[in-house]
Amino acid sequence: MQSNNIIEISSCIFQYPHNSKNTLDMAPLHVRKGEHIFLHGKSGSGKTTFLNILCGIIEPDISDIKILHTDFSKLSSSHKDRFRADNYGTVFQQFNLLPYLSVKENIALSCGFSKQKSSHVSDMESEIERLLKELDLSPALLNTPAMNLSVGEQQRVAVARALIGAPKIIIADEPTSALDSDAKERFMKLLFKQVEAQNATLLFVSHDRSLSSYFGTHYDFTEINKAAR
Amino acid sequence: MKILWLLTFKSIYNRKIAFSLSIISIAISVVLLLGIDRVTKTTKEHFLNTINQTDLIVAAPNGSLDILLNLIFHMGEPLKEMDYTSYQTISKFNEIAWAVPLSVGDSFQSYDAVSTTNDYFKYYRYATSKNLEFAQGGDFKEFYDVVIGSDVADTLHLKLGDIIHLSHSRAAHKHTHANRDFHISGILAPTGTPNDESVFFQLKADEAIHLEWQTGHFVDMHISSDELARMDITPKHISGVLIGLKNRINILNVADKIENFKDENLKAAIPAQALSKLYKLMKNMQEALTLISVIVFVAAIFGMISTMLATLNDRRREIAILRSLGATVKMIFFLFGMEAFIIVTSGILVGNITLDILILINDLFLNKALQISYLPSIYESFMLVIMVFTAIAVSVLPALKSYKNSLQDGLMVKI
């Protein structure tokens, strides 16, 4: 029987070139389907490096990582790119959107790189409108260029893009750090509602411990990364 | 793939000023590259076809370049003259279709005056097979008629029926044949050949005016037209003869026959050979121009890469976002290659249109006779294809830089 784990990290070692010391040396980590994980840790603890490895942008030196029952470590870099396109939705701190594309085009962009995602969307236009509505964004913004949006609106559009096409894993890297506290709370509620509605697994990285109450599982990255201890 | 096209166009539109500048610099280099090539080739073609279908030029023993310069370009050191009787004998050779006698050495203001017969206008051909045409009037009818080239008419604002006076010799201090009124009977259409800057009058009129003018000073002998008709005014000497053969295969035979002519020592020059010899003098000039156009092209390519590299910092986030959405390295290279392709093809298009507009302006207002082609030659098309491939090849540079940035930045640019 297949395990219920979405992400299984048995080992993962990475060292930046010209660096005498490992940046990352992970203790085993398992993430179950639908789990909401809060990863915190001081800056420089290797969180971002970990996310880059998990997304397949950085190639670890030694690793044994299984994601969605796929031997992720053995995928070629172009397979990793496709894997990322198909299975991940990502939200970052800021600058998630292409400023010259409209809100609609930015959201649809995600499906442009993945056949799997676009196959989950029968009617792009109405799906985008539904997501905007769920995320408290006016449908009137649909054709507005992303550069005309407020930061709060941009972050919610980024969530819509991360969610469209029902990816199984949502990765959020400090998505609230550019938001004020009211907007932050609203953002977290909307994010959780949608992640739960899609039954997606959420990996949330932040140094803001006040957000931890939203999550069932917490990890201190300094504990996970043996190289940072 | 559709998404990549959309991104390319939207991204370019977002950077339209830098992008337009790149297109303009490519277009300028295309105008220079093609323009220089086309103009030099056209002028070469035109030059080598200054005179056509004239198989031989016969003159007294002079160098073939001197003969060409004097009889066709109406310049250079004066030729030794040949006997008119030799012309008469040679023109009766079986192989010869036509023979036109020419005398050069007189002038009209700064223009050369050539004395000949009406056959000149009948047989002279240029630019493969074009006839001399009269814009106004026609050939010699009266004894003292003169036909002028288009530039002469334009510059001096001369019209049919105007009276002009010729001068003896091409020297700076000229004796004007002030008494002899020549009437303009015809104005030639523009040809782009030395004919445009020449005036033509009859061989027998040439002889007549020199009768009055043997001591180097003009003496009015008051010869009436009636007397002229009765007088023997067959010229004694001429500068040379243009000859057309019945069959071009005989060129060398006839040349040989003329050079071994028993009555007089003569030289038969082949105009096509002499023209290409003369053209070689301009070869360095042409090479220099080609070199310049190649340098301009290289500069334009560098300009394109540098604008692409300069916008790279602005595009760091863009590329990181695309990578996070699953764009492969190949796609990033495709984006840059596509952009270079669009820049270079738009530049080529704009360049070609600009060049054609310039040629049109030339045709309408400047030198219609040159007839520069509006379409690129095979050689030029080949250059353009090389240009496209070079541009795409060098777009690897910014793409590579961008890829390295994305490895360093990871999924998110922390700026």
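Above this text is the structure in question.
Note that the structure is a prediction, hence the values are computed from the model and not measured.

Thresholds applied
- Residues numbered from 1 in each chain as written.
- Chains lettered and ligands numbered in written order.
- Predicted model: local features only at pLDDT ≥ 70, side-chain atom pairs only at ≥ 80, totals over all residues.
- Helix = DSSP H or I, 4+ residues; strand = E, 2+ residues; numbered from the N terminus.
- Rg over C-alpha atoms; globule rule 2.2 N^0.38 Å.
- Buried ≥ 20, exposed ≤ 12 C-beta atoms within 10 Å, placed from the backbone.
- Contact = placed C-beta atoms within 7 Å.
- Nonpolar A, V, L, I, M, F, W, Y, C, P; charged D, E, K, R; others polar.
- Pairing = 2+ DSSP bridges.
- Axes fitted to C-alpha atoms, helices over the stretch in contact; angles between N-to-C directions.
- Parallel < 35°, antiparallel > 145°, perpendicular 65-115°, else oblique.

Draft legend 1. Highlighting the overall build of chain A. Per the secondary structure count, chain A includes 8 helices and 10 strands. Over its C-alpha trace chain A gives a radius of gyration of 17 Å, about what one expects of a compact globule, namely 17 Å for 229 residues. When the backbone C-alpha atoms are referred to their principal axes, chain A occupies close to 50 × 40 × 35 Å. Out of the 229 residues in chain A, the part that is buried amounts to 45%. Considering only contacts in chain A between residues 6 or more positions apart, those separated by 24 or more positions represent 76%.

Draft legend 2. Structural context of the environment of Ile-359 of chain B. All names here are of chain B. With respect to the secondary-structure elements, Ile-359 resides in helix H13 (residues 329-365). Overall, Ile-359 belongs to the buried group, with 20 C-beta atoms counted inside 10 Å. Each C-alpha atom, one on Ile-359 and one on Ser-373, is 8.1 Å from the other, the two residues being 14 residues apart in sequence. Other than its neighbours up to four places away in sequence, Ile-359 contacts Ile-372 and Tyr-374.

Draft legend 3. Representation of the interface of chain B and chain A within the structure. On the chain A side, the residues contacting the 19 residues of chain B number 25 residues. Elements supplying a minimum of two residues to the side of chain B that touches chain A: helix H1 (2-14) and helix H12 (312-324) of chain B. Grouping the amino acids of the side of chain B that touches chain A by side-chain chemistry returns 8 nonpolar, 6 polar and 5 charged.

Draft legend 4. Main features of the environment of Leu-289 of chain B. All names here are of chain B. Mapped onto the elements, Leu-289 comes out in helix H11 (residues 283-310). Taking the C-alpha atoms as reference, Leu-289 lies 8.3 Å from Asp-37; in sequence the two are 252 residues apart. In contact with Leu-289, other than residues within four places in its own chain, are Ile-36 and Thr-40.

Draft legend 5. Focus on the environment of Leu-266 of chain B. Relative to the helices and strands, Leu-266 of chain B resides in the loop between helix H9 (251-259) and strand S16 (267-269). Considering only alpha carbons, one finds Leu-266 of chain B and Phe-93 of chain B, 173 residues apart in sequence, at a separation of 15 Å.

Draft legend 6. The arrangement of unusual backbone geometry in detail. Residue and element names in this part refer to chain A. Of note, Asp-136 is a non-glycine position whose phi angle comes to about 65°, a positive value. Note that Asp-136 resides in the loop between helix H5 (124-134) and helix H6 (151-163). Positioned with a positive phi, Glu-174 is a non-glycine residue whose angle comes to about 50°. By the secondary structure assignment, Glu-174 is in the loop between strand S8 (169-173) and helix H7 (181-197).

Draft legend 7. Summary view of the pairing of strand S1 (residues 56-59) of chain B. Residue and element names in this part refer to chain B. Residues Leu-56 and Val-58 of S1 are buried on one face, and the alternating residues Ile-57 and Ala-59, pointing to the opposite face, are buried as well. Summarising the sheet, S1 and strand S15 (residues 240-245) pair through 4 bridges and their orientation is antiparallel. Opposite Leu-56, over in S15, you have Ile-243 as the bridge partner. Where S1 meets S16, 3 bridges bridge the pair, whose relative direction is antiparallel. Residue Ile-57 lies in a different strand from S16, and its bridge partner there is Ala-269.

Draft legend 8. Region of interest: the packing of helix H3 (residues 64-71) of chain B against helix H10 (residues 271-280) of chain B. Residues and elements named next belong to chain B. Two numbers describe how H3 lies on H10: the axes approach to 9 Å, and their chain directions differ by 95°. Put simply, H3 runs roughly perpendicular to H10. Contacts from Ser-64, Leu-65 and Leu-68 in H3 reach Pro-271, Ala-274, Leu-275, Lys-277 and Leu-278 in H10.

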